[in-house]
Amino acid sequence: MKICHFFSPVEVGPESDLFMAQPRVYESMLTASRHATNLENSPVSELDLVAIPVESRDLSVVPGQGFIHAPTLERNLTSLGGEFTKPLPIFADLCAAALSISDADVFVYTNCDIGLQPHFYQFVCEQLRHFEAIAVNRRTIDDSEQNRHSLASCLAEVGKKHPGFDCFVMRRDFLQVADFREAVVGGNWIGRVILANVLARHKSFRVFIDEHLTFHLGDDRAWNSSTSNPIHSHNERCLVEICESALAAGCENSSAMEALVSQHVKGRALRFDGAFVNSFSTVPERLQQDPVFVTGFPRSGTTLMQLLLATQGLLTAPETHFYRILRQLNLEHSTWLNQTDAQRFVTHLESAVDLSGLKFEISGSGCGVDDLFVRTVTYLMEGQGNPSTQRWMEKTPDHVHSLFRIREDYPRVKSVYMIRNPIEAFDSWRRVASGWGGQEKSILELCQMWQASIASAKAFKRDFPNELMFVKLEDLQKTPRSVVQKVCGFLGIPFHAELLDDREEYSDIAIGRGESWKKESAGAIATKDASEFRALTEHEKRMVGIALGETMREFSFPIPEAKLDSFDAGDFIEILRSVDSIAVEPGIRNRVSGLVRAAKGRLLG
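## Quick word on the overall build of the protein chain
Turning to step 1, where the next piece is worked out: Broken down by element type, the protein chain carries 23 helices and 17 strands.
Turning to step 2, where the next piece is worked out: For the protein chain, the share of sequence-separated contacts (at least 6 apart) that also reach a separation of at least 24 residues comes to 77%.
Turning to step 3, where the next piece is worked out: In the form shown here, the protein chain has an accessible surface area of approximately 25,900 Å², with 48% of it arising from carbon and sulfur atoms.

Okay, here's the thing in structure tokens:
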């Protein structure tokens, strides 16, 4: 995520509180910037710190390194004429300048006296997974001599929370259409002018009022002097006009707008603090953060494992296909979807899982991916319990290819990967594919899919060895109690052997409409006789052994003997091409290459 953090510096003399505050503020920005961009796996890809001056001399207070020095604004408050004599920046002009300088998707605005904690930008990225926009209220710290000269001292002091709005995180598409009128920075009401726009255009936003994220030296409220009253009145007029215009056009949070306008009409000051704002916000309910994801190659026992774990107290539901669709639409790395992508995604999601009773509300600026997932899971688990307080489980086999993304969204996730002898898995696929609309696949296409699935699981386990467990279906069929007990130990949940036979009770919950082929998982657990697997020919089984033999050996699956007389040169060439596209271990390619050479020699002989 690329972030642009813009602000308007001002050159002042020693008599001003900003004289000592600004050096600490800019030092804190550089510290937070280095922390965000140098951190391993940081969500911040790039960061522009943009200083936008009203007069050229204002840039003298901003360090040369680490900051972009923007051109001087073409106009300021004095350009509006009348009684204004102070050259304060017009906020809309600051936004326009930031948009023209940076191509970032996310913009942070702070007043020039607001310092940052080192983890500020990471926090911003995390919250933008859930909200369209956020505001952060500052902590006020003592204006002591030590704090004036030491950033470490400023960062260490917890301070007291303050209700003022002086830090906003907004998206590019919002800034391009927002209506700030000619409200200016440096006078009262400017924070509420920005907030009113957020209220008008967003359903999902949050004001953070207790977090230790930003700081302000002292609380002298210099902006509240009597000489500034004309500026306050100017900003207040802008605020009321913005609110009335938004109400007339139909805004996202009309109740908050009406309350704000009503207070001004009656001539009373409104305590428009974070708690008040959040009472009108549509905040998506979060999911409990220790989920279990069951994945694997299709027809490898994922549904059986899901039903068995459901007996142990995990909430569950039909497959969501959620992250699979993100990958399919090339949105896997997105945390926020614009309106077009969000609606496209929802269309695909609704075609993959029965969500006929769920209505997704997507605002003009789009919505968060996490919000869509929360609503999907909550709807599918409706009536079972509360996934925001109880541990829950999601089972979509193809989610194995999204485990790294899932872990970004749920850092405490645990994954169970079901693996089965590929010959039996492919045979089962062939027998049931017509029932669920599965496409006809050649045996080598199935080999590629199986190997890719295993490779994704191995890659995740290599990086996070304690967060993924391989479970062989054959072991589960032979000793279900022992295997489930081990899985429960891996997941850190109590094991209740007496409940294992109750899985049929969960089949209606976990098996969706049109998934009748999964009903067999609710029946008796038993191994199948080899004579039942007849959808694959002996020739195809031997091809599986050649293409996947090394991985099959790794998991102790029996490998069919490859008889050279049963293959022609075309078979070998096809196998070799397939194995190359699977990109598996060199040993397999060497083995097939040897078989090809032997076949050629036999043909030439």
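## What about helix α2 (residues 91-101)?
Turning to step 1, where the next piece is worked out: By the burial criterion, the buried members of α2 are Phe91, Asp93, Leu94, Cys95, Ala97, Ala98 and Leu99.
Turning to step 2, where the next piece is worked out: On its buried face, α2 sits against β1 (2-7), β4 (106-110), α6 (172-177) and α7 (190-201).

## Remarks on the pairing of strand β17 (residues 468-472)
Turning to step 1, where the next piece is worked out: Counting buried residues along β17, 4 of its 5 residues qualify, which places the element largely inside the surrounding structure.
Turning to step 2, where the next piece is worked out: Where strand β16 (residues 414-419) and β17 come together, 5 bridges link them in parallel fashion. If you follow tyrosine 417 over to β17, its bridge partner there is phenylalanine 470.

## So, the packing of helix α16 (residues 422-432) against helix α21 (residues 538-554)
Turning to step 1, where the next piece is worked out: At their nearest, the axes of α16 and α21 sit 10 Å apart, and the two run at 135° to each other. The orientation of α16 relative to α21 falls into the category oblique. Here Pro422, Ile423, Phe426 and Arg430 of α16 lie close against α21, whose contacting residues are Glu540, Lys541, Val544, Leu548 and Met552.
Turning to step 2, where the next piece is worked out: Each residue belonging to the contact of α16 with α21 can be placed in one class, and the counts come to 6 nonpolar, no polar and 3 charged.

## Some details on the nonpolar core
Turning to step 1, where the next piece is worked out: Phe322, Phe345, Phe373, Trp392, Phe426 and Trp450 are the most contacted members of the largest nonpolar core, which has 58 residues in total.
Turning to step 2, where the next piece is worked out: The set of elements that each furnish at least two residues to this core consists of α12 (322-328), α13 (339-352), α14 (369-380), α15 (403-409), β16, α16, α17 (443-463) and α21.
Turning to step 3, where the next piece is worked out: In this structure, phenylalanine 373 is in contact with Leu287, Phe293, Thr320, Phe322, Tyr323, Trp392 and Tyr410, ignoring residues within four places of it in sequence.
Turning to step 4, where the next piece is worked out: Residues Phe91, Phe180, Leu239 and Cys251 belong to the second largest nonpolar core, which totals 46 residues.

## Observations regarding the pairing of β16
Turning to step 1, where the next piece is worked out: Judged by how many residues are buried, β16 sits mostly within the fold: 6 of 6 residues are covered.
Turning to step 2, where the next piece is worked out: Along β16, one buried face is formed by Lys414, Val416 and Met418 and the opposite face, lined by Ser415, Tyr417 and Ile419, is buried too.
Turning to step 3, where the next piece is worked out: With 5 bridges connecting them, strand β12 (residues 292-296) and β16 associate as parallel partners. Residue pairing across strands places phenylalanine 293 opposite serine 415, the latter belonging to β16.

## Concerning unusual backbone geometry
A negative phi holds for most residues other than glycine; trans holds for most peptide bonds.
Turning to step 1, where the next piece is worked out: Positive phi, close to 55°, is recorded for arginine 181, a residue that is not glycine.
Turning to step 2, where the next piece is worked out: Following the sequence through the fold, arginine 181 ends up in the loop between α6 and α7.
Turning to step 3, where the next piece is worked out: With a relative accessible area of 32%, arginine 181 lands in the partly exposed category.

## Section: the sheet that holds strand β6 (residues 133-136)
Turning to step 1, where the next piece is worked out: Ordered in space as β3-β2-β1-β4-β9-β6-β10, the 7 strands form an open sheet in which the pairing is mixed. The sheet terminates laterally at β3 (68-69) and β10 (205-208), the two strands that pair on one side only.
Turning to step 2, where the next piece is worked out: Packed on one face of the sheet, α2 meets β1, β2 (46-51), β3 and β4 and runs near 145° to β1.

## Digging into the side chain of serine 334
Turning to step 1, where the next piece is worked out: When you line up the elements, serine 334 lands in the loop between α12 and β13 (336-337).
Turning to step 2, where the next piece is worked out: With relative accessibility at 19%, the residue serine 334 sits in the buried group.
Turning to step 3, where the next piece is worked out: Not counting residues within four places of it along the chain, the set of residues in contact with serine 334 comprises Val369 and Arg405.

## Overview of the pattern of salt bridges
When the charged atoms of two side chains lie near each other, side chains of opposite charge can form a pair.
Turning to step 1, where the next piece is worked out: Under the criterion given, the structure shown has 27 salt bridges.
Turning to step 2, where the next piece is worked out: Aspartate 48 serves as the salt-bridge partner of lysine 2, at 3.5 Å between the closest nitrogen and oxygen. Residue lysine 2 is found in strand β1, and its partner aspartate 48 is found in strand β2; the two are separated by 46 residues along the sequence. As far as the burial class goes, lysine 2 and aspartate 48 line up, both buried.
Turning to step 3, where the next piece is worked out: Aspartate 210 is the salt-bridge partner of lysine 161, the closest N and O atoms lying 3.2 Å from each other. With lysine 161 in strand β8 (residues 160-161) and aspartate 210 in the loop between β10 and β11 (214-217), this residue pair connects regions lying 49 residues apart in the sequence.

## What to know about the sheet that holds strand β7 (residues 139-141)
Turning to step 1, where the next piece is worked out: Ordered in space as β5-β11-β7-β8, the 4 strands form an open sheet in which the pairing is mixed. Strand pairing shows two members of the sheet lacking a second neighbour, β5 (115-116) and β8, which therefore form its edges.
Turning to step 2, where the next piece is worked out: Pairing geometry for β7 and β11, over 3 bridges, is parallel. What sits directly across from threonine 140, in β11, is histidine 216.

## Overview of empty space enclosed by the protein
Turning to step 1, where the next piece is worked out: Summed over all chains, the structure comprises 2 cavities of 30 Å³ or more.
Turning to step 2, where the next piece is worked out: In this structure, the second largest cavity spans a volume of roughly 30 Å³.
Turning to step 3, where the next piece is worked out: The leading source of residues in the lining of the second largest cavity is strand β15 (residues 393-395), at 3 residues.
Turning to step 4, where the next piece is worked out: Within the lining of the second largest cavity, the residues separate by chemical class into 5 nonpolar, 1 polar and 2 charged.

## Remarks on the environment of serine 556
Turning to step 1, where the next piece is worked out: Examined against the element boundaries, serine 556 turns out to sit in the loop between α21 and α22 (569-582).
Turning to step 2, where the next piece is worked out: Separated by 84 residues in the primary sequence, serine 556 and lysine 472 have C-alpha atoms spaced 10.0 Å apart.

## A look at the confidence of the model for the protein chain
Turning to step 1, where the next piece is worked out: Overall, the predicted model of the protein chain reaches an average pLDDT of 85, with 83% of residues at or above 70.
Turning to step 2, where the next piece is worked out: Across residues 266-270 the pLDDT falls below 50, and counting only partners more than four positions away or on other chains, this stretch makes 6 contacts in the model.
Turning to step 3, where the next piece is worked out: Within the model, pLDDT remains below 50 along residues 580-585, and this stretch shows 13 contacts once partners closer than five positions in the same chain are excluded.

Thresholds applied
- Residues numbered from 1 in each chain as written.
- Predicted model: local features only at pLDDT ≥ 70, side-chain atom pairs only at ≥ 80, totals over all residues.
- Heavy atoms only, no water.
- Helix = DSSP H or I, 4+ residues; strand = E, 2+ residues; numbered from the N terminus.
- Contact = heavy atoms within 4.5 Å.
- Areas by Shrake-Rupley, 256 points an atom, 1.4 Å probe, with all protein chains shown as cover.
- Buried < 20%, exposed > 50% of the residue type's maximum accessible area, 1.4 Å probe, protein only.
- Pairing = 2+ DSSP bridges.
- Axes fitted to C-alpha atoms, helices over the stretch in contact; angles between N-to-C directions.
- Parallel < 35°, antiparallel > 145°, perpendicular 65-115°, else oblique.
- Nonpolar A, V, L, I, M, F, W, Y, C, P; charged D, E, K, R; others polar.
- Core = buried A, V, L, I, M, F, W, Y, C linked by side-chain atoms within 4.5 Å.
- Salt bridge = Lys/Arg side-chain N within 4 Å of Asp/Glu carboxyl O.
- 1 Å grid on protein atoms, 1.4 Å probe; cavity = no way out; pocket = protein on both sides within 12 Å on 5 of 7 lines; lining within 4 Å.
- Points joined across faces, edges and corners; volume = space filled by probe spheres on them.
- pLDDT = per-residue confidence, 0-100.

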